[in-house]
Each structure stands twice: as structure tokens, then as C-alpha cells.
Protein chains: 2
Amino acid sequence: MDTNIANTPAPPYYAVIFTSLKSDAIEGYEEMAARMEALAKQQPGYLGMESARNDVGITVSYWSSLEAIEAWRTHAAHVTAQQRGKEAWYEYYSVRVCKVERAYSFRTGMRHGDF
Amino acid sequence: MDTNIANTPAPPYYAVIFTSLKSDAIEGYEEMAARMEALAKQQPGYLGMESARNDVGITVSYWSSLEAIEAWRTHAAHVTAQQRGKEAWYEYYSVRVCKVERAYSFRTGMRHGDF
């Protein structure tokens with residue numbers, strides 16, 4: 001599977017949709033984003049992550065349960081990063097916690113059914 | 001509210017996370033994407049859309065109900081676009097239908113609570 005595409009299990013599982021607009025002051029942002037991505041991958045219940053940015057940045061992370069999401073939200077290093085994000089990097093962000101109820105995928109030359 | 005940020009109501013509502021990798025052949029893609037975005041906005045139950053692309057493209061659209069999502073999925077012009085997407089534009093895509101259970105946002109200088 002491609003490194004930038006999350007290979008998630010069959011639903012149900014959970015998704016956190018993080019949408020953001022960055023401010024002009026982004027010193028230290030890339031390092032922190034890379035560190036948080038690496039740290040997220042080590043958390044219990046982490047299933048995958050997908051990310052893209054133009055004007056708007058969208059990061060979707062996938063988790064096995066609401067408890068796993070809550071544990072990551074309150075992880076000490078992540079709390080510090082969130083605080084720094086609010087103080088310095090983000091003009092705006094939204095967080096949406098979702099239950100993935102249905103999923104399907106397509107790949108050239110093959111059609112995956114519901115998974 | 002910013003044009004690229006969806007101004008959604010209080011949960012619950014629904015999100016469709018569309019993640020894709022494009023093939024090299026993308027003739028006609030931009031026109032079709034713009035047409036589908038304009039058409040989606042006219043559909044009953046449409047609440048907003050957010051989109052970004054680097055290697056991976058992520059488009060999240062928001063809807064009031066599963067019925068609204070199903071109506072858009074089976075809309076004739078959209079079915080045609082999906083078929084063309086599979087034949088010509090996408091190397092890979094996934095569609096995840098989600099229920100947004102909780103949401104909050106932050107804007108510089110103000111903190112929005114749960115909405």
C-alpha cells in the first residue's frame with residue numbers, strides 16, 4: 001500500500017478530521033508536525049493518517065476507538081504541541097471526531113468492494 | 001467564514017472523506033472537478049466541502065444525512081464523473097462515509113467551544 005494512503009481495516013473505526021489555516025509565523029512548525037506524526041504512529045489504536053495542504057491543510061487520522069483518540073488528545077507531548085499551535089502556528093483549525101460507518105476503495109485495474 | 005473552510009452546524013451530521021491518487025493522465029480532470037463541486041453545492045443536505053492536494057488528494061464533504069449522501073452518490077451527472085474518474089483519472093481512491101459525533105474549532109484570539 002502507498003505510504004501516503006492509510007490502509008485501514010473494515011469499519012467501524014474512527015476518524016479525526018483536522019482542518020487548518022496556518023498563520024504567517026510558522027517557525028518550528030515542520031519539525032513539530034513531523035515529530036507529532038511519528039509519535040501518533042506509536043500510539044495504541046492508531047490505524048493510519050492522510051495529509052494534504054494547499055491554502056487549507058487537511059489531516060485525517062484513523063483510530064480504533066474513541067478512547068484511543070482521547071488518549072492521544074491528552075498525551076503530554078501532544079498537548080504541548082497543541083498549545084504551541086494555538087499560540088504561534090494556526091490562524092484557524094477545526095477538529096471533527098467521526099465514526100467511519102462505511103468504506104470502499106478503487107485501484108486501477110481492480111475494484112475493491114466494501115471493506 | 002473563509003471560503004475554503006466549511007462552516008458546518010452542530011453535530012451530528014455526516015462527512016464523506018474522499019482520498020485519491022491521480023494517474024498521469026488528467027486531461028479534463030480540473031473542469032470536471034470544478035463542475036462536480038458546483039453541482040454538489042446545489043444538492044439537498046449539502047453542508048460544506050474542504051479540499052487539499054499534494055501527492056495525496058483529500059476532499060471532505062459534509063452532509064445533513066446518509067440519504068443526502070446516497071442521493072448525491074447516485075446523481076446521474078455524478079455517476080458519469082465517477083465512471084470517468086475510474087477509467088481515466090484515478091490510480092487509487094477511497095471513500096469513507098462517517099458520522100461526525102463531536103467537533104470544535106479554534107480561531108486566533110478566540111476559542112470556540114464544542115459546536
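Residues numbered from 1 in each chain as written. Chains lettered and ligands numbered in written order. Predicted model: local features only at pLDDT ≥ 70, side-chain atom pairs only at ≥ 80, totals over all residues. Heavy atoms only, no water.

Caption draft 1: Up close: the interface of chain A and chain B. Facing the 44 residues of chain A at the interface are 44 residues of chain B. Between chain A and chain B, a total of about 4,100 Å² is buried, with carbon and sulfur atoms accounting for 56% of that surface. Considering only the surface of chain A that becomes buried against chain B, Y92, R96 and F106 of chain A emerge as the three largest contributors, covering 18% of it. Counting across the chain A and chain B interface gives two salt bridges. (Contact = heavy atoms within 4.5 Å. Buried area = accessible area lost by both parts, 1.4 Å probe. Salt bridge = Lys/Arg side-chain N within 4 Å of Asp/Glu carboxyl O.)

Caption draft 2: Here's a closer look at the environment of V56 of chain B. The topology assignment puts V56 of chain B in the loop between strand 2 (46-53) and strand 3 (57-63). Once you skip the residues sitting within four places of it in the chain, V56 of chain B turns out to touch N4, I5, S51 and A52 of chain A together with T19, S20 and L21 of chain B. (Helix = DSSP H or I, 4+ residues; strand = E, 2+ residues; numbered from the N terminus.)

Caption draft 3: Here's a closer look at helix 2 (residues 66-73) of chain B. Residue and element names in this part refer to chain B. Among all positions in helix 2, only A68, I69 and W72 are buried. Along the long axis of helix 2, the arc covered by the buried residues comes to 100 degrees, so they all point the same way. Looking at the packing, one finds that the buried side of helix 2 touches strand 1 (13-22), helix 1 (29-40), strand 3, helix 3 (76-89) and strand 4 (90-107). (Buried < 20%, exposed > 50% of the residue type's maximum accessible area, 1.4 Å probe, protein only. Arc of directions from axis to C-beta.)

Caption draft 4: Representation of helix 3 (residues 76-89) of chain A. Residues and elements named next belong to chain A. Over its 14 residues, helix 3 extends 19 Å from the first C-alpha to the last, a length consistent with the 20 Å expected when each residue adds 1.5 Å. Buried within helix 3 we find H78, A81, G85, A88 and W89. The buried side chains of helix 3 occupy one side of the element, clustering within an arc of 115 degrees when seen end-on. Turned more than 90 degrees off the buried face of helix 3, the exposed positions are A76, T80 and E87. Looking at the packing, one finds that the buried side of helix 3 touches strand 1 (13-22), helix 1 (29-41), helix 2 (66-73) and strand 4 (90-107). (Expected span 1.5 Å × (residues − 1).)

Caption draft 5: Seen up close, the relation of the copies chain A and chain B. The two copies are related by a screw motion: chain A maps onto chain B through a turn of 180 degrees and a shift of 0.0 Å along the axis, at an RMSD of 0.0 Å. Overall, the copies show the geometry of a two-fold rotation axis. When you check the interface residues of chain A against chain B, 100% turn up at the interface there too, and the contact is symmetric in its surfaces. (Least-squares fit on C-alpha atoms with pLDDT ≥ 70 in both.)

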